[in-house]
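Tertiary structure, described
So the chains spell out like this:
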Amino acid sequence: MEQGISSTDNIILVPKYFLPTIGGLQNFTLRLAKSLIAAKKLVFVLTPEPEPFRPWPIGNKPVIENLFVQTFSEPRDQFWQKLPARVLRGKSSSILAIGLEDHSILDSQLKSLVSLQKEGFPAFLRVATTFDLKSRINLIRAIQLRKIGGLVVLNEAMLAEAMTLPAKIPHVHKLPNPVDSHEFQPSPSSVRFEVRTKFGLPMTTPVILSAGRLDPRKRLELLIEATSLASSAISLVSDFWLM
């Protein structure tokens, strides 16, 4: 039986940044940790100290019971270099690195995951931004990716992108972002009317919400182009911030 991320009771999540900063990667890590804990897994988060941007909004930060978080005050490249030694001191675990590192740090990230895989710790890497693989993974890095437990991508487009890398990656898994249907449900018509009135939105026009930083990697021009091709009017409401 192939060893996978669910084959051990201990799961180590390694996001390249985490709380108290805010963003999609951090939200994904929190929701995944919550689901794994509900599945009776022992979950740890190991992460480098976050850069001082995008602080959590005013209010209570999310707290998940039985989630063990350890933050290391060191540059990210040093964090990845030291990660195998830190993990090897603990019990057998599956490792999921969340987020493909930048060019300057990526080799340290891949070397760390390969080292853990060789020591018997199933190591996986999740990538969630289109074109990151194509722009950052050369032949040498693709060969390194072949040596870990698997690559986890967000959607079909990224699945196809992974198939075009210079060396074939044998284990590529698609894991879409989850939506908590208990937390996010359609609002009553009275609430929708109130919100549309408050923000000056047409009452019957479909609305697309977009939140994120203004960065070419987010491919926001595709969203704008798509709205221009729609057969009916669409309102695009965005909450962008500059880096």
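Below is a summary of the structure that appears in this document. Just so you know, the residues in each chain are numbered from 1, in the order the chain's sequence is written. The predicted origin of the model limits local features to residues at a pLDDT of at least 70 and limits the giving and counting of side-chain atom pairs to 80 or more, whereas totals for whole chains, interfaces and linings rest on all residues. As a rule here, side-chain values come from all non-hydrogen atoms in the structure, and water together with hydrogens is ignored.

**Looking at the overall build of the chain**
A helix here means a DSSP run of H or I that spans at least four residues, while a strand means a run of E at least two residues long, and both kinds are numbered starting from the N terminus. A count of helical and extended segments in the chain gives eight helices and nine strands. Every one of the 243 residues in the chain was classed for burial, and the buried ones make up 42%. Contacts are residue-level and defined by heavy atoms, with any inter-residue pair within 4.5 Å sufficient. Sequence-distant contacts, at least 24 apart, represent 73% of the contacts inside the chain between residues at least 6 apart. Each accessible area is a Shrake-Rupley estimate made with a 1.4 Å probe; only the visible protein chains count as cover when residues are assessed. On the chain, roughly 14,300 Å² of surface is accessible, and the fraction owed to carbon and sulfur atoms is 58%. Partly exposed describes any residue whose relative accessible area lies between the buried limit of under 20% and the exposed limit of over 50%, with all areas from a 1.4 Å probe on protein chains only and scaled to the type maximum.

**Remarks on the sheet that holds strand β6 (residues 150-153)**
One requirement defines pairing of two strands: DSSP has to find at least two bridges between them. An order of β3-β2-β1-β4-β5-β6-β7 is seen for the seven strands of this open sheet, with the pairing classed as parallel. Edge strands, defined here as strands with exactly one partner in the open sheet, are β3 (67-72) and β7 (172-174). Neighbouring strand axes in the sheet, compared pairwise and without regard to direction, differ in orientation by 20 degrees on average. Relative to strand β2 (residues 42-48), strand β1 (residues 10-15) is paired through four bridges, and the arrangement is parallel. Opposite I12, over in β2, you have F44 as the bridge partner. Think of each axis as a best-fit line through the C-alpha atoms, taken over the contacting stretch in the case of a helix, with angles from 0 to 180 degrees between the N-to-C directions. Here helix α1 (residues 24-38) sits on the sheet in contact with β1, β2, β3, β4 (94-98) and β5 (123-127), set at roughly 175 degrees to β1. Sitting on the sheet, helix α3 (residues 103-118) is in contact with β4 and β5, with an inclination near 145 degrees to β5.

**Looking at the nonpolar core**
I95, L125, L133, L145 and L151 are the most contacted members of the largest nonpolar core, which has 35 residues in total. Of all the secondary structure elements, the ones that give two or more residues to this core are β1, α2 (76-88), β4, α3, β5, α5 (139-145), β6 and α6 (156-162). Here this core gets six residues from one element, more than from any other, and that element is α3. With residues near it in sequence (within four places) discarded, L145 still touches L110, L125, I137, L151, L165 and I169. Here the nonpolar core consists of buried residues drawn from Ala, Val, Leu, Ile, Met, Phe, Trp, Tyr and Cys, with membership extended through side-chain atoms lying within 4.5 Å. Within the second largest apolar cluster, 20 residues are counted, among which are F28, L30, V45 and L67.

**Side note on unusual backbone geometry**
One non-glycine residue, K40, lies in positive phi territory at about 70 degrees. Relative to the elements of secondary structure, K40 occurs in the loop between α1 and β2. A relative accessible area of 72% places K40 in the exposed class.

**Some remarks on the packing of α2 against α3**
Between α2 and α3, whose axes approach to 8 Å, the crossing angle comes to 5 degrees. In terms of axis orientation, α2 runs roughly parallel to α3. Of the residues in α3, those in contact with R76, D77, W80, Q81, L83, P84 and V87 of α2 are I105, S108, Q109, S112, L113, S115 and L116. When its residues are assigned to classes, the contact of α2 with α3 shows seven nonpolar, five polar and two charged. Any angle that is under 35 degrees is reported as roughly parallel, and any over 145 degrees as roughly antiparallel; angles of 65 to 115 degrees are reported as roughly perpendicular and all others as oblique. Each residue gets one of three labels, nonpolar for Ala, Val, Leu, Ile, Met, Phe, Trp, Tyr, Cys and Pro, charged for Asp, Glu, Lys and Arg, and polar for the others, Gly among them.

Interpretation in functional terms is not warranted from these geometric data alone.
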